[in-house]
Amino acid sequence: MAVVGHVIGTANKRGGILIFLPGVQEIRQCIEALRAAPYARDSDILPLHANLSNEEQRLVFTVSTRWKIIAATNVAEVS
């Protein structure tokens, strides 16, 4: 949380942040915490793991003018 807040607070422009986590439960917990943060209203916060449908996984590739924060397992390395 602190690192994401620092990146968003000090960046010159919006972009993407990819957070690698070991499993689905950790992703859920991370997303829950991120969505409670002050910057959540200006961010797209998305999960990425193998249990999601192809359509849900493709959401991470959509273009956005908002911050895009992706909490992912290693599926992101092969997508």
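For every chain, the first residue of its written sequence is number 1, and the numbers climb from 1 along that sequence. Reporting of local features is limited, given that this is a predicted model, to residues whose pLDDT is at least 70; pairs of side-chain atoms are given and counted only at 80 or more, and all residues count toward the totals for whole chains, interfaces and linings. Heavy atoms from the whole structure form the basis of all side-chain values; hydrogens and water molecules are not counted.

A run of H or I in DSSP becomes a helix once it reaches four residues, and a run of E becomes a strand once it reaches two; helices and strands are each numbered from the N terminus. Within the chain, the regular secondary structure consists of four helices and three strands. Listed by position from the N terminus, the elements making up the chain come as α-β-α-β-α-β-α. Relative to its length of 79 residues, the chain is compact, with a C-alpha radius of gyration of 12 Å against a globular reference of 12 Å. Considered along the principal axes of its C-alpha atoms, the chain spans approximately 30 × 25 × 20 Å. Under the scheme applied here, a residue whose accessible area is under 20% of the maximum for its type counts as buried, over 50% as exposed, and between as partly exposed, the area being computed with a 1.4 Å probe on protein chains only. The buried share of the chain, taken over its 79 residues, is 37%. Across the chain, contacts joining residues at least 24 apart in sequence account for 65% of those joining residues at least 6 apart. Per-residue accessibility takes into account occlusion by the displayed protein chains alone, with areas from the Shrake-Rupley method and a 1.4 Å probe. When the accessible area of the chain is evaluated, it comes to approximately 5200 Å², of which 53% is carbon and sulfur surface. On the chain, the mean spot of the 8 positive side-chain charges and the mean spot of the 7 negative ones are 8 Å from each other. For this measure, only C-alpha atoms enter the radius of gyration; the expected value for a globule follows 2.2 Å times N^0.38, where N is the number of residues. Whether two residues touch is decided by their heavy atoms; if any such pair falls within 4.5 Å, the residues are in contact. When charges are counted, Lys and Arg are positive and Asp and Glu negative, with His and the chain ends excluded. To locate a charge, take NZ of a lysine, CZ of an arginine, CG of an aspartate or CD of a glutamate.

Before going further, it helps to spend a moment on the environment of P47. Topologically, P47 is positioned in strand β2 (residues 43-48). For P47, the residues in contact, after removing those within four places along its chain, are I27, I31, L52, V60 and A71.

So, on to the nonpolar core. For soluble globular proteins, the rule of thumb is that nonpolar side chains tend to be buried together. Residues V4, I8, I17, I19, L34, Y39 and I69 are the most contacted members of the largest nonpolar core, which totals 15 residues. Every element with two or more residues in this core is listed here: α1 (2-10), β1 (16-20), α2 (24-35) and β3 (67-72). Of the residues forming this core, the biggest block, four residues, is contributed by α2. I69 has contacts with V4, I8, I17, I19, L34, Y39, S43, D44, I45 and L46, leaving out every residue within four places of it along the chain. If you look at the next biggest cluster of nonpolar residues, it comprises five residues, including L46, L48, V60 and I70. To qualify as a nonpolar core, a set must consist of buried Ala, Val, Leu, Ile, Met, Phe, Trp, Tyr and Cys residues joined through side-chain atoms within 4.5 Å.

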